[in-house]
Amino acid sequence: MPADLTSFVGRRHDVVAVRQLLATARLVTLSGIGGVGKTRLAYRVAADARRAFPDGVCLVELAALEDPALLPHTVLDALAVREQSSREPVEVLCEHLRASRTLVVLDNCEHLVAAVADLADAVLRAAPDVRILATSRQSLQITGEHVYAVAPLPVPDADEPFRPGTATQYPAVALLVERAAAAVPGFALTADNEAAVVRLCRRLEGIPLAIELAAVRLRVLSVDDLLRRLDDRFALLRERTRNLPERHQTLQALIDWSHDLCTPAERALWARASVFAGGCGIEALEAVCADESLPAEVVLDTVAGLLDKSIFTREAHTGHARFRMLETVRAYGQAQLAAAGEEAVLERRHRDWCLRLFEVAGDEWVGPRQQEWTDRLLLEHANLRRALEYSVSQPGEARVALRLSAMPWFWGAIASLAEGKLWLDRALALDGEPSHERAWALATVGYLAAFLGDGNALATFPERAHDLARQLDDTAALAYATHVMGMRQALSPDPASAIPLFTEALELYERAEVQPQYSDSLRIELGATYIFAGDVDAAALVLDELFEHCSANGDQWNLSYALWGKGFVELLRGEHDRAEADLCEALKIKRVVHDTLGMAFALEVLAWTAVVKSETKRAAILFGGAEKLWQGIGARQFDGQRKKYESLARKQAGDAAFDAAFEQGIALPVEELLALALRERVQKAPESAPRAAALTRRQREVAELVAAGLSNKEIAKKLVISLRTAEGHVESILTKLDFTTRTQIASWFVRQSANT
């Protein structure tokens, strides 16, 4: 859960109500104004409901996503699905979720409402056990949607007498007191300030974001002074914006006021930082936002000021600080940036920073920092998308889009091959002039197509890249194009025809001093080609050399493929135990980097190894698991070899037993499948039933009345307590027993009574 969403005040009734809705409805949309707390509520519901979804909860943040075409890619990223297929990503997503019991949380949908509606409809039709929880200022308006209106936090009613000492019973007051205490050491609700605090919360209309922004002001103002200044601002705002709803006026006024109380440097950084998507680190802020008016040396102190004022929130990732803004606050900054006439300049700076970052990452990808770069680039994926969107939408910038998108190592190792092809197609359509960037991009389309199973692209793009590279006398691009032509031949009925092309490409790579990830990947493909061509000794020589090379230079990604190739060779040589050991080492690396394609390769050959070791049931399960991954990718490799080993396994086990184990492998969750492949013991925590001792005596009485079918109002009357107290008891029971409905309470009570 994001750091800025961990504190949660009030909303207990909302949490229970939304969980009850999710128990019966498959699509629930939390709607409400910006800053009302939709995201916090969704994340709390998701955390509390996690046990009800065996396949997990997937949190998808959409605030920074601008291109609707990337929506399914973003959801696949959040699910950690290594989608490497030429199929439509929506189809891959639906296939992945088809048999899944998952809760998908789509946060901040309003700017993509049509695309989200289409995606949600497709997923819900394909995956009967998936639930979707969305947050949006606008409903999705599709069949089956249940809209839950998220209201501001309750405040004491201005028309009813207020009883001193009871203020913190109201969530809005409790939130203000908690946030003020965090901002002002020693702040507490007292008899002297309670009435003013209540008036302040009424004035803020219970809007959580407004309360949090106002609480920060208590560092320099008393509650009475704060209330007086707010009254002045709201009066001024009403004169200027009579057409805005009051709650929107309240929020706008609070953000306006927070902006007014910032220093000039803080205002500038707030606006300029809004160009980042998904947050950024301090070095990125210094690189993009600093200039003569905001020197780099003052950015750090300015960030501290914005953190103090709750404009920025801080998160920690792999030992590094990262800063974000709530989307409402970020949108305000974007408006300020546009009003200042700086939007175009900052978007260009952001794009240039992103380009430099990814080019440095490419230069350092092979080496001891590979894992560090993997973690960093995963965090910056949203910023890359924003930079690409800028480059394909601004005149004259498409060539930079080609540079940014023609990174096969990034799309293969970290992101999605299909997304990479999407950006390449867009950029190539915009820039048809001969250039190194175009030649490299054409070759990259062919490279991605080889793994995506896109035969049409693989048939044409390598030659186009090769011809252009020759025209330009571009040795590096010629090496890459020749490499991709070799890949195509390796997949043909005559794999040996690829060997001269690979050999030529290696010589050209060395002459042009191309980044080593390209030649290392080529050596893997060359080793596999020797295997396909029947020259196992030549394959072993190539793969052993590559293994030593990657072990020395820190390239874990290609090291795992070298291990896979070594295992394949050892299997063919009859060294079955060594084959399994190397294949398992490869699979362990693939699991860490979420490489679905690599997992499929490793599981496939592990299944063959199990066959020759006469572990027939294990082999059939691994065949099924590999098949599931191949289906997700959209193309299966090694059909000829698979038929040979599968036929042998069927003879050993019989068709019925093989088919049963095969289906078991398809049904296994990926983590359990990997544990089986690696011979790891799966530790399942025992499911303990909720104990009666978890409830107080009064709560047991309430549970008994719930089991008897009484409503909260009837329970309150029966026990001579207030309706609010009765509701609180029921909510506490639901929370303690991890239930979502009154029916579950009733069933639990009946079972408890039968056992006593």
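This is a predicted model, so every value here is computed, not measured.

### What about the overall build of the protein?
Now for step 1: The secondary structure content of the protein amounts to 37 helices and seven strands.
Now for step 2: Relative to the 2.2 N^0.38 estimate, which gives 27 Å for 756 residues, the radius of gyration of the protein is 30 Å and therefore close to what a compact globule would have.
Now for step 3: Over its C-alpha atoms, taken along the principal directions, the protein stretches across nearly 90 × 75 × 45 Å.
Now for step 4: Buried residues in the protein amount to 56% of all 756 residues.
Now for step 5: Look at the contacts in the protein between residues 6 or more apart in sequence, and 71% of them connect residues 24 or more apart.

### Looking at the sheet that holds strand 3 (residues 103–107)
Now for step 1: A sheet is described by the order of its strands in space; here five strands give the open sequence 2-3-4-1-5, paired in parallel fashion. Every other strand in the sheet has two partners, leaving strand 2 (57–61) and strand 5 (145–149) as the edge strands with one partner each. Sheet twist, expressed as the average angle between the axes of neighbouring strands with direction ignored, equals 20 degrees.
Now for step 2: Pairing between strand 1 (residues 27–31) and strand 4 (residues 131–136): five bridges, direction parallel. Within strand 4, the residue paired with Ser 31 across the bridge is Ser 136.
Now for step 3: Across the sheet, helix 3 (residues 71–78) is in contact with strand 2 and strand 3; its angle to strand 2 comes to roughly 135 degrees.

### With respect to the environment of Ala 610
Now for step 1: Tracing the backbone through its elements, the reader meets Ala 610 in helix 29 (residues 596–612).
Now for step 2: Judged by its relative accessible area of 2%, Ala 610 is buried.
Now for step 3: Placed 30 residues apart in sequence, Ala 610 and Glu 580 show a C-alpha to C-alpha distance of 8.4 Å.
Now for step 4: Not counting residues up to four positions away in its chain, the partners in contact with Ala 610 are Glu 615, Arg 618 and Ala 619.

### Structural notes on helix 26 (residues 536–553)
Now for step 1: Helix length check: helix 26, at 18 residues, gives a terminal C-alpha distance of 25 Å against a target of 26 Å (1.5 Å per residue), a fit within 8%.
Now for step 2: All of the buried residues along helix 26 are Val 536, Ala 538, Ala 539, Ala 540, Val 542, Leu 543, Leu 546, Cys 550 and Asn 553.
Now for step 3: In the segment just after helix 26, Gly 554 is the residue with positive phi, at about 85 degrees.

### With respect to the pairing of strand 3
Now for step 1: Counting buried residues in strand 3 gives five out of five residues, a clear majority hidden from the surface.
Now for step 2: Side chains Leu 103, Val 105 and Asp 107 project from strand 3 onto one buried face, and the interleaved Val 104 and Leu 106 project onto a second face that is buried too.
Now for step 3: With five bridges joining them, strand 2 and strand 3 adopt parallel strand pairing. Across the sheet, Cys 58 pairs through a bridge with Val 104, a residue of strand 3.
Now for step 4: Relative to strand 4, strand 3 is paired through four bridges, and the arrangement is parallel. Within strand 4, the residue paired with Val 104 across the bridge is Ile 132.
Now for step 5: Taken together, strand 3, helix 5 (residues 113–126) and strand 4 form a β-α-β motif whose crossover is right-handed.

### Concerning helix 29
Now for step 1: With 17 residues, helix 29 extends 25 Å between its outermost C-alpha atoms, agreeing within 8% with the 24 Å of an ideal straight helix rising 1.5 Å per residue.
Now for step 2: Taken from the residues just after helix 29, Ser 614 is the one with a positive phi, measuring 65 degrees.

### A short note on unusual backbone geometry
Now for step 1: Positioned with a positive phi, Asp 473 is a non-glycine residue whose angle comes to about 55 degrees.
Now for step 2: Along the chain, the position of Asp 473 falls in the loop between helix 22 (455–472) and helix 23 (475–490).
Now for step 3: In this structure Asp 473 comes out as exposed when scored by relative accessible area, which is 68%.
Now for step 4: Even without a glycine there, the phi angle at Glu 513 is positive, about 55 degrees.
Now for step 5: Assignment of secondary structure puts Glu 513 in the loop between helix 24 (498–512) and helix 25 (516–532).
Now for step 6: Residue classification places Glu 513 among the exposed residues on the basis of a relative accessible area of 70%.

### As for the packing of aromatic side chains
Now for step 1: Tallied over the full model, the rule gives 22 aromatic pairs.
Now for step 2: Their ring planes at 65 degrees and their centres at 5.7 Å tell us that Trp 564 and Phe 568 sit as a pair that is edge-to-face. Of this pair, Trp 564 and Phe 568 both sit in helix 27 (residues 556–572), four residues apart, which is roughly one turn of the helix.
Now for step 3: Of the residues examined, Phe 568 reaches a relative accessible area of 2% and is grouped as buried.
Now for step 4: Pairing Trp 608 with Tyr 645 gives two aromatic rings, centres 5.1 Å apart and planes at 10 degrees, and the pair type is stacked. Residue Trp 608 is located in helix 29, and its partner Tyr 645 is located in helix 31 (residues 639–653); the two are separated by 37 residues in the primary sequence.
Now for step 5: Of the aromatic side chains, those joined through ring pairs into one cluster are Trp 557, Tyr 561, Trp 564, Phe 568, Phe 601, Trp 608, Trp 630 and Tyr 645.
Now for step 6: Positioned above the aromatic ring of Phe 461, the side-chain terminus of Arg 464 is 4.7 Å from the ring centre.
Now for step 7: The ring of Trp 557 has Lys 590 lying over it, and the distance from NZ or CZ to the ring centre is 4.6 Å.

### Section: the side chain of Glu 145
Now for step 1: Mapped onto the elements of the fold, Glu 145 is located in strand 5.
Now for step 2: Among the polar contacts listed, one links the side chain of Glu 145 to the backbone nitrogen of Gln 141, at a separation of 2.7 Å.
Now for step 3: Those residues in contact with Glu 145 that sit more than four places away from it in its chain are Leu 27, Thr 29, Ser 139 and Leu 140.

### A few points about the packing of helix 4 (residues 89–97) against helix 5
Now for step 1: The contact between helix 4 and helix 5 brings their axes to 9 Å, and the two run at 35 degrees. In terms of crossing hand, the pair formed by helix 4 and helix 5 is right-handed. Residue-level contacts link Val 90, Leu 93, Cys 94 and Leu 97 of helix 4 to Leu 119, Ala 122, Val 123 and Ala 126 of helix 5.
Now for step 2: Residues that form the contact of helix 4 with helix 5 fall into these classes: eight nonpolar, no polar and no charged.

### Thoughts on the packing of helix 27 against helix 29
Now for step 1: It is at 10 Å that the axes of helix 27 and helix 29 come closest, and there the two elements cross at 20 degrees. The angle between helix 27 and helix 29 places the two elements in the roughly parallel class. Both helix 27 and helix 29 take part in a crossing whose hand is left-handed. Contacts between helix 27 and helix 29 involve Tyr 561, Trp 564, Phe 568 and Leu 571 from the first element and Leu 597, Gly 598, Phe 601, Ala 602, Val 605, Trp 608, Thr 609 and Val 612 from the second.
Now for step 2: For the contact of helix 27 with helix 29, the class distribution of residues is 10 nonpolar, two polar and no charged.

### Thoughts on the nonpolar core
Now for step 1: Ranked by internal contacts, the top residues of the largest apolar core, which has 245 residues, are Leu 106, Leu 133, Leu 285, Phe 312 and Phe 410.
Now for step 2: Setting aside residues no more than four positions away along its own chain, Phe 410 makes contact with Phe 358, Leu 377, His 381, Leu 384 and Ala 415.

Rules used in this analysis
- Residues numbered from 1 in each chain as written.
- Predicted model: local features only at pLDDT ≥ 70, side-chain atom pairs only at ≥ 80, totals over all residues.
- Heavy atoms only, no water.
- Helix = DSSP H or I, 4+ residues; strand = E, 2+ residues; numbered from the N terminus.
- Rg over C-alpha atoms; globule rule 2.2 N^0.38 Å.
- Buried < 20%, exposed > 50% of the residue type's maximum accessible area, 1.4 Å probe, protein only.
- Contact = heavy atoms within 4.5 Å.
- Pairing = 2+ DSSP bridges.
- Axes fitted to C-alpha atoms, helices over the stretch in contact; angles between N-to-C directions.
- Expected span 1.5 Å × (residues − 1).
- Right-handed = clockwise from strand over helix to strand, strands pointing away.
- Phe/Tyr/Trp six-rings, centres within 6.5 Å; stacked < 30°, edge-to-face > 60°.
- Lys NZ or Arg CZ within 6 Å of the ring centre and 35° of its normal.
- Polar contact = N/O pair within 3.5 Å; in protein donor to acceptor, adjacent residues only side chain to side chain.
- Left-handed = near helix turned anticlockwise from the far one by under 90°.
- Nonpolar A, V, L, I, M, F, W, Y, C, P; charged D, E, K, R; others polar.
- Parallel < 35°, antiparallel > 145°, perpendicular 65-115°, else oblique.
- Core = buried A, V, L, I, M, F, W, Y, C linked by side-chain atoms within 4.5 Å.

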